[in-house]
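# Chains, contacts and geometry: an overview
Given next are the chains, with one letter for each unit.
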Amino acid sequence: MVHDVTDQEVQEEIKRSRERAGGTEEVEEKVKAEHMVEVDAQPLDEDGNPVPDKMDADQRIDLSLEGYSDFLKALKGKKPGADAVVTLGEGSRKERVQLTLKKVLRKIEAEMDEEFFKNQSNGEATDLDSFSSFLRSRMQQYYDQSSSRLFNRDMIDAVVDAHAFEVPDSIIRQVLDSYLARQKERYGEKLPESFDEKDFRERNREQAVRESRWYFISRRLEDTLSDLEITAADIDAAIEESAKQYGLTAEQLKPYYVQDPSRLNSLRSSIMEEKLMAKLADEVSVTELSKDEYDKQSKKERETRLKELVKEEKKKRPKKRFGLF
């Protein structure tokens with residue numbers, strides 16, 4: 001994905017910055033796309049009954065954000081007190097949630113004065129021009145980093161697809177255990193009684209197999225490619241880059257890594273991964289797409305994958321029997 005931030009995108013981000021700084025006010029209006037709403041969200045079971053102890057009260061949702069289009073579709077035109085049901089997720093992760101609309105909120109845009117510009121830029125901007133430049137730089141950095149992350153993901157997928165081999169079940173179980181551990185962290189170290197661990201492991205097995213294959217492939221490449229060595233200069237450069245993100249000097253941040261060997265090992269792993277990705281980038285064919293083209297292709301791939309998952313789930317279902325047999 002190759003994308004240069006446009007003037008329109010900068011103007012839209014300025015508007016969002018003003019809204020974030022300006023707050024909201026409650027209005028007696030029907031829900032529109034530009035509103036925020038406050039809702040109680042109650043998950044429903046397969047029969048449409050409320051799931052006990054699962055309601056999230058007083059949740060605020062900005063309906064103007066792209067990721068909340070399903071909520072906007074369900075709530076648009078409604079007033080406080082109304083209920084609506086929204087379906088979230090895909091495939092086996094699909095979930096129905098009943099929304100009770102409590103408040104409709106209009107966003108208030110803050111005044112663009114020197115204090116606003118300083119607060120919104122950590123002191124780097126004092127007027128509209130410098131603030132616009134600040135936002136453009138940050139937005140471009142975000143897109144460039146996202147593009148790099150997506151490219152690396154696609155590149156890993158291509159390499160794994162090209163090297164199909166059996167992975168020991170013990171390794172797959174370890175990866176699945178790590179997935180499960182992250183789930184436990186989300187629920188406060190204890191999974192709910194309704195959590196189906198067997199189903200969770202089955203749904204995530206394919207991803208665990210692919211992650212395991214990449215582990216073996218990447219270790220093999222690191223061992224065989226002579227130009228993937230990590231030097232002291234590489235570590236110094238990584239620490240210096242990390243220090244900039246926290247507003248520190250490299251000398252101030254070094255003790256953080258020196259005092260804990262695990263942190264230094266993690267840093268070395270990150271450097272090695274960057275070197276490996278750079279090496280692989282020289283070995284693959286690359287097609288550059290605009291943001292819109294990339295989004296369309298990604299959506300098409302997700303839809304294709306979803307159809308495959310639905311087919312797989314149907315195969316697992318027991319066949320219906322009629323009559324006596």
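Look up: the structure comes first, before these words.
Residues numbered from 1 in each chain as written. Predicted model: local features only at pLDDT ≥ 70, side-chain atom pairs only at ≥ 80, totals over all residues. Heavy atoms only, no water.

## Looking at the packing of helix 6 (residues 197–224) against helix 9 (residues 261–281)
The relative placement of two packed helices comes down to the angle between their axes together with the axis-to-axis distance. Heads up, the condition is: The axes are straight lines fitted to the C-alpha atoms, using for helices just the contacting stretch, and the angles between their N-to-C directions are given from 0 to 180°. Helical segments are the DSSP runs of H or I of at least four residues, strand segments are the runs of E of at least two, and each set is numbered from the N terminus. Any angle between 65 and 115 degrees counts as roughly perpendicular, while under 35 counts as roughly parallel, over 145 as roughly antiparallel, and the rest as oblique. Throughout, a contact is declared for two residues whenever any of their heavy atoms are within 4.5 Å. Note that Gly is not counted as nonpolar here; it falls among the polar residues with everything else outside the nonpolar set of Ala, Val, Leu, Ile, Met, Phe, Trp, Tyr, Cys and Pro and the charged set of Asp, Glu, Lys and Arg.
Their axes nearest at 11 Å, the elements helix 6 and helix 9 cross at an angle of 85°. Accordingly, the angle class assigned to the pair helix 6 and helix 9 is roughly perpendicular. In this structure, helix 6 uses Trp 214, Ser 218, Leu 221 and Glu 222 to contact helix 9, whose residues at the interface are Met 272, Leu 276, Met 277 and Leu 280. Here the contact of helix 6 with helix 9 is composed, by residue class, of 6 nonpolar, 1 polar and 1 charged.

## Concerning the packing of aromatic side chains
Here is the rule we go by: Between rings of Phe, Tyr and Trp, where Trp is taken as its six-membered ring, a pair exists when centres lie within 6.5 Å; planes separated by under 30 degrees are stacked, by over 60 edge-to-face, and by other angles tilted. Relative accessibility thresholds used throughout: buried, under 20% of the residue-type maximum; exposed, over 50%; partly exposed, between the two (1.4 Å probe, protein chains only). The rule is short: NZ of Lys or CZ of Arg within 6 Å of the ring centre and within 35 degrees of the ring normal puts a charge over the ring.
Enumeration over the complete set of coordinates arrives at 9 aromatic pairs. The interplanar angle of 75° and the centroid separation of 5.6 Å between the aromatic rings of Tyr 215 and Phe 216 together place this pair among those described as edge-to-face. For Phe 216, a relative accessible area of 31% puts it in the partly exposed group. Put simply, the rings of Phe 116, Phe 117, Phe 131 and Phe 134 touch in pairs and so form one group of aromatic residues. The ring of Phe 165 is capped by Arg 213, whose NZ or CZ atom sits 6.0 Å from the centre of that ring.

## Some thoughts on unusual backbone geometry
Even without being a glycine, Asp 58 presents a positive backbone phi close to 55°. Tracing the sequence through the fold places Asp 58 in strand 3 (residues 56–62). In this structure, Asn 122 is a non-glycine residue whose phi angle is positive, near 55°. Topologically, Asn 122 is positioned in the loop between helix 3 (114–120) and helix 4 (128–161). Judged by relative accessible area, which is 73%, Asn 122 ranks as exposed.

## Description of the pattern of salt bridges
This is how the line gets drawn: A pairing counts as a salt bridge when a side-chain nitrogen of Lys or Arg comes within 4 Å of a carboxyl oxygen of Asp or Glu.
The full count for this structure, using the stated rule, is 27 salt bridges. One salt bridge connects Glu 109 with Lys 15, and the closest N-O pair in it is separated by 2.5 Å. Residue Glu 109 is found in the loop between strand 5 (95–107) and helix 3, and its partner Lys 15 is found in helix 1 (residues 7–22); the two are separated by 94 residues along the sequence. Glu 109 is the salt-bridge partner of Arg 18, the closest N and O atoms lying 3.3 Å from each other. Taken together, the residues Arg 18 in helix 1 and Glu 109 in the loop between strand 5 and helix 3 connect sequence positions 91 residues apart. On the basis of relative accessible area, Glu 109 is assigned to the partly exposed category, the value being 31%. A network of salt bridges, in which partner residues are shared, links Lys 15, Arg 18, Glu 19, Asp 62, Lys 107 and Glu 109.

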